[in-house]
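# A look at the structure
As a plain string of letters, each chain reads:
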Amino acid sequence: MNKTHNIQSDMKTLWNGAAGNAWVESQSLLDQMFKPIEQALVKAAIDSGASNVLDIGCGAGTTTLTCSRALGEQGKLTGLDISAPLIEAAKLQAKKTKSLAQFVCADAQEYTFASNAFDLIISRFGVMFFSDPVVAFTNLHKAANEEARLHMYAWRHPGENGFMTTAMRAAAPFLPPMPKPEPNTAGQFGFADPDYVMSVLEEAGWKDAKLEKVDFLCSFPAEQIEQYNTRLGVLGTLLPELDENVRNKIISVVNTAFDKFISADRAQFTAACWKITARA
Ligand SMILES: C[S@@+](CC[C@H](N)C(=O)[O-])C[C@H]1O[C@@H](n2cnc3c(N)ncnc32)[C@H](O)[C@@H]1O
């Protein structure tokens, strides 16, 4: 197996195991937190006049379902995700809300989409986990029709996203040394480098690719901070494997480290994002 295959099978395992389950469990917290990004994508869908929209790495489907509601009968929405537990949650929500949105459990990098099918492809933090982003975006380009647009959000550099890095930094003294993630590889910050993202999109056939800095003010009830910092991300995956004393020490230290983000009864932070757009 080459390195690309390893990363892809690791990502598939991660999102079908610990990370996928943690996202299902924390769905309402994550949806509150990332509401401003959902609203930006809904506006993009309405403004584009699109009628066939694909949501890549749709997770539990909230963005897909909200766009579907906003576009009404003129809009056909498809959410695609590699994670079976997240797609199951999305389908359940679609059934509950009588939504016509469709959900597919598949790898966006390999899935055989209908050719020229979509006129808008959106994503909220769902495109940074491909082992070979050029292959993935070439596949998405084939699925897009001639007039299609991309409109996606990804994280900028970790140094600009303190809320996303505080848990691991606070916990580091109690954990074995971790390898530093290589730049421009699959992961939360895999699309942080704008030159890299531009080169991926150009190589995959997308035109007029543009990255714009957008800062979103995100918040959620302060009482959910421990769920956020101990269930999600790398720390959320590591904690269950640790000795109880070490785990409790880490939870206490990490909670204290997040005090600076609490104001009144809300946890608040700025999400430093790239708005990534392109046309087919
Ligand atoms: C950070 S989550 C974002 C989920 C959702 N967009 C949201 O905002 O709630 C990233 C998502 O990308 C999905 N993902 C990762 N690799 C993928 C792939 N190769 N194909 C499709 N989805 C993928 C994960 O399963 C996960 O649901």
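This structure is a prediction, so every number in the text was calculated from the model and none was measured.

### A word on the overall build of the protein
From N to C terminus, the protein includes 12 helices and 8 strands. Over its C-alpha trace the protein gives a radius of gyration of 18 Å, about what one expects of a compact globule, namely 19 Å for 280 residues. Counting every position in the protein, which comprises 280 residues, the buried fraction comes to 52%. Summarising the internal contacts of the protein: among those between residues at least 6 apart in sequence, 83% fall at separations of at least 24. With the model as given, the accessible surface of the protein reaches about 13,500 Å², and the carbon-plus-sulfur share is 52%. Counting 26 positive and 31 negative side-chain charges, the protein places the centres of these two groups 3 Å from one another.

### Topic: the site of the ligand
The full set close to the ligand counts 19 residues, and Gly 57, Asp 81, Asp 107, Ala 108 and Arg 124 are the nearest of them. At a separation of 2.9 Å, a nitrogen atom of the ligand approaches a polar backbone atom of Ala 108. In the environment of the ligand, an oxygen atom lies 2.5 Å from a nitrogen or oxygen atom belonging to the side chain of Arg 124. Where the shell around the ligand is concerned, the elements lending two or more residues are helix 1 (3-16) and strand 2 (76-81). Here the residues of the shell around the ligand are counted per class, giving 11 nonpolar, 5 polar and 3 charged.

### So, the nonpolar core
Of all hydrophobic cores here, the largest spans 96 residues; its most connected members are Ile 56, Phe 137, Trp 155, Phe 163, Trp 206 and Phe 269. Not counting chain neighbours up to four residues away, the residues in contact with Phe 269 comprise Met 33, Phe 34, Trp 155, Phe 163, Met 164, Phe 216, Leu 217, Cys 218, Phe 220 and Phe 261.

### Remarks on helix 5 (residues 62-71)
Of all 10 residues that make up helix 5, 8 are buried, and the element is covered over most of its length. Those residues of helix 5 that fall on the buried side of the exposure criterion are Thr 62, Thr 63, Thr 64, Leu 65, Thr 66, Cys 67, Ser 68 and Leu 71. Downstream of helix 5 by a residue or two, Gly 72 has a phi angle that is positive, lying close to 65°.

### A few points about the pairing of strand 8 (residues 266-279)
Of the pairings in the sheet, the one linking strand 5 (residues 144-155) to strand 8 comprises 7 bridges and is antiparallel in character. Residue pairing across strands places Arg 149 opposite Arg 279, the latter belonging to strand 8. Sheet analysis places strand 6 (residues 207-221) next to strand 8, joined by 13 bridges and oriented antiparallel. Bridged to Phe 220 within strand 8 is Ala 267.

### Quick notes on the UniProt feature "domain: Methyltransferase" (unreviewed entry) in the protein
According to UniProt, the "domain: Methyltransferase" (unreviewed entry) feature falls on residues 53-142. End C-alpha atoms of residues 53-142 are separated by 14 Å, and the span's content is 37% helix alongside 23% strand.

### Digging into the state of the cysteines
Across all of its chains, the model carries 0 disulfides by this definition. The thiol sulfur of Cys 105 is not disulfide-bonded, and the nearest other cysteine sulfur, from Cys 58, lies at 9.1 Å. Summary of cysteine pairing: Cys 273 is not part of a disulfide, and the nearest cysteine sulfur, belonging to Cys 218, is at 7.0 Å. What makes Cys 273 buried here is its relative accessible area of 0%.

### Concerning the side chain of Arg 124
The topology assignment puts Arg 124 in strand 4 (residues 118-124). Given a relative accessible area of 13%, Arg 124 falls into the buried group. One polar contact links Arg 124 to Asp 31, side chain to side chain, over a distance of 2.9 Å. Leave out the neighbours within four places in its chain, and Arg 124 touches Asp 31, Phe 34, Lys 35, Ile 37, Glu 38, Leu 41, Asp 55, Gly 57, Thr 63 and Tyr 153.

The rules behind the values
Residues numbered from 1 in each chain as written. Predicted model: local features only at pLDDT ≥ 70, side-chain atom pairs only at ≥ 80, totals over all residues. Heavy atoms only, no water. Helix = DSSP H or I, 4+ residues; strand = E, 2+ residues; numbered from the N terminus. Rg over C-alpha atoms; globule rule 2.2 N^0.38 Å. Buried < 20%, exposed > 50% of the residue type's maximum accessible area, 1.4 Å probe, protein only. Contact = heavy atoms within 4.5 Å. Areas by Shrake-Rupley, 256 points an atom, 1.4 Å probe, with all protein chains shown as cover. Lys, Arg positive; Asp, Glu negative; His and termini not counted. Charge placed at Lys NZ, Arg CZ, Asp CG, Glu CD. Near = heavy atom within 4 Å. Polar contact = N/O pair within 3.5 Å; in protein donor to acceptor, adjacent residues only side chain to side chain. Nonpolar A, V, L, I, M, F, W, Y, C, P; charged D, E, K, R; others polar. Core = buried A, V, L, I, M, F, W, Y, C linked by side-chain atoms within 4.5 Å. Pairing = 2+ DSSP bridges. UniProt positions renumbered as here; feature names shortened; annotations may be inferred. Disulfide = S-S within 2.5 Å.

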